[in-house]
Structure formats: C-alpha cells, structure tokens
Amino acid sequence: MTFRSAARHAAAAVAVLLVFLACLLAMPAARAQVPTDPARTGALLPAALGVLSTQALPSSTVTDARIGPGDVLRITVLGQPDLSAEVGVNDRGSVAVALVGSVPVAGLTPAEAAARSAELLRSGGYLVRPEVSVDTVQVRSQLVSVLGEVRQPGRYPIPGRLTVLELLATAGGLTEQADTVVTLLRRPDGGTSPDPAPAAAGGARIPGRLGDGSGEPSRAPLDVELRSGDVVYVERKKLFYIHGEVNRPGAYPMEPGMNVMRAIALGGGMNLRASSRRIDINRTVQGVPQKIRSDLNAPVLPGDTVFVNESIF
C-alpha cells in the first residue's frame, strides 16, 4: 500500500468517526424536542399569573361529557378532509360546520352532535352517506374547582360523571395538613351562574367526612355527583395544644368528641409532678383570651391550649 492510498483510507476513517459522533450528539437534542401531551402526562395546562390551572384529561375520559359554550370540538368527516376542522362552541351553544353552517350542540354528547351534523349533511344534499365523528378536544364549559389542602388544587373538567371523592383522587389526594372534613360549595342556581363566589349568596354548603365515618358530618356527601361550577374545599386540620406536666407536650389534631382526658392521653399522659385537679384550658372567645379551670371530662375545642399544672404537694 502506497503512502497516498494509506492517507486516503485514514481520511475516510476519520470522516466516518466524525459522522458517528455527530449522530450521538444529536440524539439527546432530538429526544428533548419531542412534544409532550399534557393529557398523557397529567401536566397542568399553562395559565396566567394568579389564575388557577386547568388539569388536562385524556380525550377518552371526556367522550361522554355534555357539550357547552367554550368547548373545543374536533369534527371529522370520513373521506372529506376539507370538511373536517377543530371548532369552538360559541356563547349560543352552536358550532360552525362546513357547508351546513351553524349547528346547535349545547347539551349534547359528542356522539349526538356527530349524528346531528351527519343528518344535516345528508338532508341538505351535500353527502349521500356522511360518516361524522366529534371529539371533545378541550372541556371549558363543565368545570369544577378543588381548593385547600390537596396536592394539585385547580379547575378540572367533568368527564361525564364525577363525585367529590373522585375529584380529590384526581387532584392527587390530600396533603399532610388536610382536615378530615371536606366541604362542597354549590351555587344557589345549581352551578350554572358565571358568578365565581360560591354559597355566599344562599348557595348550598355540604360538609362530608373522610375516614371511618364516625362523628358528624357523614361520608355520604363525598359520593355526590358534581355539577359545573361546584367548589370542593379541604380545610387545614384543626389543632389543639397541650403543655405543662405531660410527657409529650405539643400540638395535636382534633378528633370528634375531644375532651381533656383524651387530650392528656394523646400528650403521653401526665408525669409524676402533675395534678389532675389543676388543669386549665386557655381559650379565646370573641377575641378575648380566657383561662378556664377544667376537669378531665371538659370538652376541648379547636385552638384550645390545655395546661396541666404541677401538684402543690
């Protein structure tokens, strides 16, 4: 092999190596540019500052939802790509269908809207046997809100039927600071008013309890079917405080029927210096702090501070 041919082979090998390295460097960038579908990832759709985000749901979960103003529909006419389009539902509850014009779809399911559009195309003489499908791309008319101590607060579409418990699961569950009482706020008109202030003007306030169902309120409201405009609110857990001659002083969550004896038990019991006859409850009533001498059966309210004093003898 001559020197010139050896040089050509070496140059070719270097070129192949450079191409291989360029391919390796391009692969991560290509992967990073793949768009993600928020309906598959469960990501929150972007929202303006100060506005609650809306959770994206897979299209398969909203196929039975009733159509309303603001929804975005994908209308597909088989074999007629020029007639297919993504359209929005206007304030009158209608969509613009090619050749037909305005078609009222508010209150219909996507399947019923598809059947109505196909019938109009057939009766108008535009197509002999039209096959039309309608898919809900974005649900903006049937929304509920979940606020408070949940992992993903925001506004969520109603996929056909949705209960309070299912909404809490969709929102990622409760936080560590969540109370066991969940409140459903419903507008007086059943959720159809555009006014975002729930229950303030005579609307319904329905409390429900998570857990074993003991105490009031009951767990039944958690299975209530949600309506558009409903607000589910999870409060921060209510605490009481115990200090003084107990083994584990600190803050503890409230329980139904809480009294001083139960509070002392949660605080690890009284130590050897404690007096069971010298127990005070520090409570604020209408902004005025009060000290109440109590026995073991006295009720403990949220925010109370139970103080076990030292025995005199």
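As the structure is a computational prediction, the values presented were derived from the model and not from experiment.

### Things to note about the overall build of the chain
So, point 1. The number of helices and strands found in the chain is five helices and 15 strands.
So, point 2. For the chain, the residues scored as buried account for 35% of the 313 residues in total.
So, point 3. Sequence separation of at least 24 residues holds for 54% of the intrachain contacts in the chain that already meet a minimum separation of 6.
So, point 4. About 18,500 Å² of surface is accessible on the chain, with carbon and sulfur atoms providing 57% of the total.

### As for the side chain of Asn 259
So, point 1. When you line up the elements, Asn 259 lands in the loop between strand S12 (250-253) and helix H5 (260-266).
So, point 2. Beyond its immediate chain neighbours, meaning those up to four positions away, Asn 259 contacts Leu 296, Asn 297, Ala 298, Pro 299 and Val 300.

### So, the sheet that holds strand S5 (residues 132-138)
So, point 1. Read across the sheet, three strands follow the order S2-S1-S5 without closing on themselves; strand pairing throughout is antiparallel. Strands with a single pairing partner mark the edges of an open sheet, and in this sheet they are strand S2 (85-88) and S5. For this sheet the average axis-to-axis angle between neighbouring strands, irrespective of direction, equals 30 degrees.
So, point 2. The pairing of strand S1 (residues 72-77) with S5 spans six bridges and is classified as antiparallel. Bridging from a neighbouring strand, Leu 73 pairs with Thr 136 of S5.
So, point 3. The strands touched by helix H3 (residues 110-123) are S1 and S5; relative to S5, the strand with the most contacts, the crossing angle is about 135 degrees.

### Considerations on the environment of Gly 250
So, point 1. Relative to the helices and strands, Gly 250 resides in strand S12.
So, point 2. The spatial distance from the C-alpha of Gly 250 to the C-alpha of Leu 266 is 9.7 Å, given a sequence separation of 16 residues.

### Here we look at the nonpolar core
So, point 1. Core analysis: the biggest nonpolar cluster contains 19 residues, and Leu 73, Ile 75, Val 95, Val 105, Val 132 and Val 134 have the highest contact counts within it.
So, point 2. Listed by contribution, the elements that provide at least two residues to this core are S1, strand S3 (94-97), H3 and S5.
So, point 3. When residues of this core are assigned to their parent elements, the largest contribution, four residues, is made by H3.
So, point 4. In this view, Val 132 contacts Ile 75, Thr 76, Val 77, Ala 114, Ser 117, Ala 118 and Leu 121; residues no more than four positions away in its chain are not counted.
So, point 5. If you look at the next biggest cluster of nonpolar residues, it comprises 17 residues, including Ile 158, Leu 162, Leu 168 and Ala 178.

### Quick notes on the sheet that holds strand S13 (residues 274-285)
So, point 1. Spatially, five strands are ordered S12-S11-S15-S13-S14 in an open sheet, and the strand pairing comes out mixed. The sheet is open, and its two edges are formed by S12 and strand S14 (288-294), each paired on a single side. Going across the sheet, the axis of each strand differs from the next one's by a mean of 25 degrees, ignoring polarity.
So, point 2. One ladder, built from four bridges, connects strand S11 (residues 239-244) with strand S15 (residues 305-310); its direction is parallel. If you follow His 243 over to S15, its bridge partner there is Phe 307.

### Examining the pattern of salt bridges
A side chain with one charge may pair with a side chain of the opposite charge, provided their charged atoms come close.
So, point 1. For the coordinates displayed, the defined rule picks out 12 salt bridges.
So, point 2. Arg 236 serves as the salt-bridge partner of Glu 149, at 3.3 Å between the closest nitrogen and oxygen. Separated by 87 residues along the polypeptide, Glu 149 in the loop between strand S6 (143-148) and strand S7 (154-157) and Arg 236 in strand S10 (residues 231-236) bring together distant segments of the chain.
So, point 3. Judged by its relative accessible area of 16%, Glu 149 is buried.
So, point 4. Members of the salt-bridge network, linked through shared partners, are Asp 179, Glu 235 and Lys 238.

### Here's the deal with the pairing of S13
So, point 1. Bridging between S13 and S15 involves five bridges; their strand directions are antiparallel. Across the sheet, residue Ile 279 finds its bridge partner in S15, namely Val 308.
So, point 2. Pairing between S13 and S14: seven bridges, direction antiparallel. Pairing of Ile 281 across the sheet is with Ile 292, part of S14.

Definitions and cut-offs
Residues numbered from 1 in each chain as written. Predicted model: local features only at pLDDT ≥ 70, side-chain atom pairs only at ≥ 80, totals over all residues. Heavy atoms only, no water. Helix = DSSP H or I, 4+ residues; strand = E, 2+ residues; numbered from the N terminus. Buried < 20%, exposed > 50% of the residue type's maximum accessible area, 1.4 Å probe, protein only. Contact = heavy atoms within 4.5 Å. Areas by Shrake-Rupley, 256 points an atom, 1.4 Å probe, with all protein chains shown as cover. Pairing = 2+ DSSP bridges. Axes fitted to C-alpha atoms, helices over the stretch in contact; angles between N-to-C directions. Core = buried A, V, L, I, M, F, W, Y, C linked by side-chain atoms within 4.5 Å. Salt bridge = Lys/Arg side-chain N within 4 Å of Asp/Glu carboxyl O.

The values reported here are purely geometric and, on their own, carry no functional implication.
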